[in-house]
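Below, each chain spelled out in residue letters.
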Amino acid sequence: MEKEILKYAEYLFAIAHKKCSDINDAEDLTQETLLAALQFVKRGGTISNMKYWLTSVLSNKWNDMLRKKYRLPLISIDAVPDVENLEICDDDQDIDRPTAEQIRREVAYLAKLQREVIVKHYLEGKKVQDIADELGVPKGTVLSRLSSGREQMRKGFDSMEQYEKQSYIPERLEINGSFERLGINREPWSLVDDDLMKQNILIIAYEQPLTTVEIAKALGIPTPYVEFAVDDLVKSELMVKNGNKVVTDFLISTPQDKSSKLDIQIDFANRQYKSVWNLINEMFLTIQSLDWYERLSESEQIDLKYYAMIDLLARGQYHAESRIVDTHEVYPERHDGGRWIAQGTRYDMNFKWEDDPFSKYCYGGERWTRFDDFMGSRSVELRVYDTQPDLNKYEHGPVEIHDDNLCEMLYILYKEIPFEHTGFNVMYLKDIPHLADCGIIKYENGKPRVAIPVISKAQLSQLLGITISYMVRLSDLIEPELREIHPKLKLDMPVHLEDRIAEFRKYVLYAFPMAIVKKAIAEEDFKLNDKQKSIPMVLVIEEAENVVK
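Below: a short report on this structure. All values reported here derive from a predicted model rather than from experimental measurement. (Residues numbered from 1 in each chain as written. Predicted model: local features only at pLDDT ≥ 70, side-chain atom pairs only at ≥ 80, totals over all residues. Heavy atoms only, no water.)

On a plain count of helices and strands, the chain comes out with 18 helices and 11 strands. Counting across all 549 residues of the chain, residues that qualify as buried make up 51%. A separation threshold of at least 6 residues defines the contact pool for the chain, and within that pool the share at least 24 residues apart is 74%. Surface summary for the chain: the accessible area is close to 27300 Å², and the carbon and sulfur share equals 48%. (Helix = DSSP H or I, 4+ residues; strand = E, 2+ residues; numbered from the N terminus. Buried < 20%, exposed > 50% of the residue type's maximum accessible area, 1.4 Å probe, protein only. Contact = heavy atoms within 4.5 Å. Areas by Shrake-Rupley, 256 points an atom, 1.4 Å probe, with all protein chains shown as cover.)

The next subject is the sheet that holds strand β5 (residues 339-348). Judged by pairing direction, the sheet is mixed, and its three strands sit side by side in the order β1-β5-β4 without closing on themselves. The outermost strands of the open sheet, each flanked by one partner alone, are β1 (171-181) and β4 (251-253). Direction aside, neighbouring strands of the sheet carry axes that sit 25 degrees apart on average. Contacting β1, β4 and β5, helix α9 (residues 196-204) runs over the sheet at an angle of about 85 degrees to β1. (Pairing = 2+ DSSP bridges. Axes fitted to C-alpha atoms, helices over the stretch in contact; angles between N-to-C directions.)

Here the focus is the pairing of strand β6 (residues 364-374). Relative to strand β7 (residues 377-386), β6 runs antiparallel, the two sharing eight bridges. In the sheet register, tryptophan 368 faces β7, and the bridge partner there is arginine 383. The turn joining β6 and β7, which pair antiparallel and follow one another in sequence, is formed by two residues; a positive phi near 50 degrees is taken by methionine 375.

What follows concerns the environment of aspartate 373. Mapped onto the elements of the fold, aspartate 373 is located in strand β6. The class of aspartate 373 is exposed, set by a relative accessible area of 67%. Spatially, the C-alpha atom of aspartate 373 lies 9.4 Å from that of glutamate 542, the residues being 169 residues apart in sequence. Apart from residues no more than four positions distant in its own chain, aspartate 373 is found in contact with Arg378 and Ser379.

The next point concerns the packing of α9 against helix α10 (residues 212-219). Put simply, α9 and α10 touch, their axes get as near as 10 Å, and they point 110 degrees apart. With respect to each other, α9 and α10 are oriented roughly perpendicular. Of the two elements, α9 crosses α10, and the hand of that crossing is right-handed. Contact residues: α9 offers Asn200, Ile201 and Ile204, while α10 offers Ile215, Ala218 and Leu219. (Parallel < 35°, antiparallel > 145°, perpendicular 65-115°, else oblique. Left-handed = near helix turned anticlockwise from the far one by under 90°.)

As a further point, take the nonpolar core. One finds Ile280, Ile287, Met309 and Leu313 to be the most contacted residues of the largest nonpolar core, which totals 59 residues. Breaking this core down by element, the ones donating at least two residues are α13 (262-288), α14 (298-322), α17 (457-485), α18 (512-522) and β11 (537-543). Ignoring sequence-local partners within four residues, the contact set of methionine 309 consists of Trp277, Ile280, Met283, Phe284, Val517 and Phe526. One finds Ala205, Ile215, Leu238 and Leu251 within the second-largest nonpolar core, a separate group that totals 32 residues. (Core = buried A, V, L, I, M, F, W, Y, C linked by side-chain atoms within 4.5 Å.)

Our focus in this paragraph is α14. For α14, which comprises 25 residues, the first-to-last C-alpha distance of 36 Å matches the rise-based estimate of 36 Å (1.5 Å per residue) to within 8%. Burial analysis of α14 places 19 of its 25 residues in the buried class, the great majority of the element. (Expected span 1.5 Å × (residues − 1).)

Strand order in the open sheet formed by four strands is β6-β7-β11-β10, and the pairing between neighbours is mixed. The sheet is open, and its two borders are formed by β6 and β10 (454-456), each paired with just one other strand. The average angle at which neighbouring strand axes cross in this sheet is 20 degrees, direction not considered. The strands touched by helix α15 (residues 403-415) within the sheet are β6, β7, β10 and β11, with β7 carrying the most contacts at an inclination of about 125 degrees. On the sheet, α17 packs against β6, β7, β10 and β11 and is oriented at approximately 95 degrees with respect to β10.

A word on the packing of aromatic side chains. The final tally for this structure, using the stated rule, is 16 aromatic pairs. A centroid spacing of 5.2 Å and a plane angle of 75 degrees characterise the contact between phenylalanine 374 and tyrosine 411, whose relative ring orientation is edge-to-face. In this pair, phenylalanine 374 sits in strand β6 while tyrosine 411 sits in helix α15, placing the two residues 37 residues apart along the sequence. Judged by its relative accessible area of 10%, phenylalanine 374 is buried. Given a relative accessible area of 1%, tyrosine 411 falls into the buried group. Here a set of aromatic residues connected by ring pairs shows up, and it is made of Tyr273, Trp277, Phe284, Tyr306 and Phe526. Stacked on the ring of phenylalanine 284, the Lys or Arg lysine 305 has its end atom at 5.3 Å from the ring centre. The ring of tyrosine 273 is capped by lysine 519, whose NZ or CZ atom sits 5.6 Å from the centre of that ring. (Phe/Tyr/Trp six-rings, centres within 6.5 Å; stacked < 30°, edge-to-face > 60°. Lys NZ or Arg CZ within 6 Å of the ring centre and 35° of its normal.)

A few words now on the pattern of salt bridges. Taken as a whole, this structure holds 32 salt bridges when the rule is applied. Arginine 383 is the salt-bridge partner of glutamate 381, the closest N and O atoms lying 2.6 Å from each other. What makes arginine 383 buried here is its relative accessible area of 8%. Each member of the salt-bridge network shares a partner with another, and the members are Glu366, Arg370, Asp372, Glu381 and Arg383. (Salt bridge = Lys/Arg side-chain N within 4 Å of Asp/Glu carboxyl O.)

As far as function goes, none of this settles anything; it's purely spatial.
Rendered as structure tokens:
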């Protein structure tokens, strides 16, 4: 038996030299293979097909060498013989094999059904029948999957033609949207945060349905990783399955898409400005006549009018648009407990927000956080419109703070309750200087105080009653011209989304409110206090009966 092993020394060295491209490494690999065979025989082992056995051992030794060299796990094989010779290797056949690196890459790109049998047979050394028994499928099915897997691997050798830009220049995808209720972990905002692979999977599969293998090839990422990520994206309802393919199931736009429609909106706002501002000014006079308005400080009055102005412009624009296209939208119940509709924006990695023309005009639609029976009050509610020039800045202080935590903090400060008596997470107190810089908190005698307007629920109802009444008049003003320019504001989108997205979301009309606000400030019709950074935000407290602050 030992003599039979040694007669394959030259054959093994030839294979080893092809792999290593270095004589010394090839000699070491050959010696290790022969030594392993001799030790196996001395321990009482028998080898029925010597050439096949030695070739397999050499391949495993080579894989071990690569593991040590690259410190990478190898989910690959080193040889892919024909299906007919899966069990027995022809002694007279010398296979010109692809390199281990090539095979490692191509095995990694196989779909799960092909990949699992390839790995089990070649890497783990299992027989076809054993694999069939393990998977509970006929032997012919295993042979078919081995054959289709080998064929796909052959097509992929030495080819990068299918790689997309995302494989070497990834993009960022920011998900936001609209909601009646966020998910338990702030879905959809949180679904792909800091996960560049998932973000680019959604971008790649946006235009048309793709298989996981096609996505893997396009991104240059092994299929197993893509499969797990795609499963998560389908479960989180950002993608849907279409047969054996998946496709992104929400609208994705780019800053360029929005900026391309910007001039149309600015020109529209400029032409409408005089009549719109007269209406806003009339609304301000109505608000100023409220009996509680004079009890607010000067800066709080400015903030309140700013909130009312944005509320009027946002509602009026939406109401006018609802006369032109269908604005009906159903928020589906999500598995995460939320009711939301996602919308995404994709950015180049070197994108600079401050350099984008649209960034000067975007704003966040109104959102609110509410707590009932909160620390002695019947309810407390924080209502926010995010606007320029500090869009979302207040959230990004030393500690990331969201509206629910901010609402609690502002209530505690307003009520002058010691934080240690509330159970409030004191780590958020690190944000107080930052929130003061954003105009939400102010200092009085060295102590932090609430700087935004604090009003009652009844006062909020009065305020919103006024903005809604003027909303109809604003809609009457702008609707005729908006109807004319509306077709020019439509975004291009994939065919599969046409029937899945509310009609009004297919049009870009985000810049109109801020275009009016910016012109009002430029014309000095609306003056901000130089010492404050006004933000459209109000804290609404409904006191329990017989409780007065």
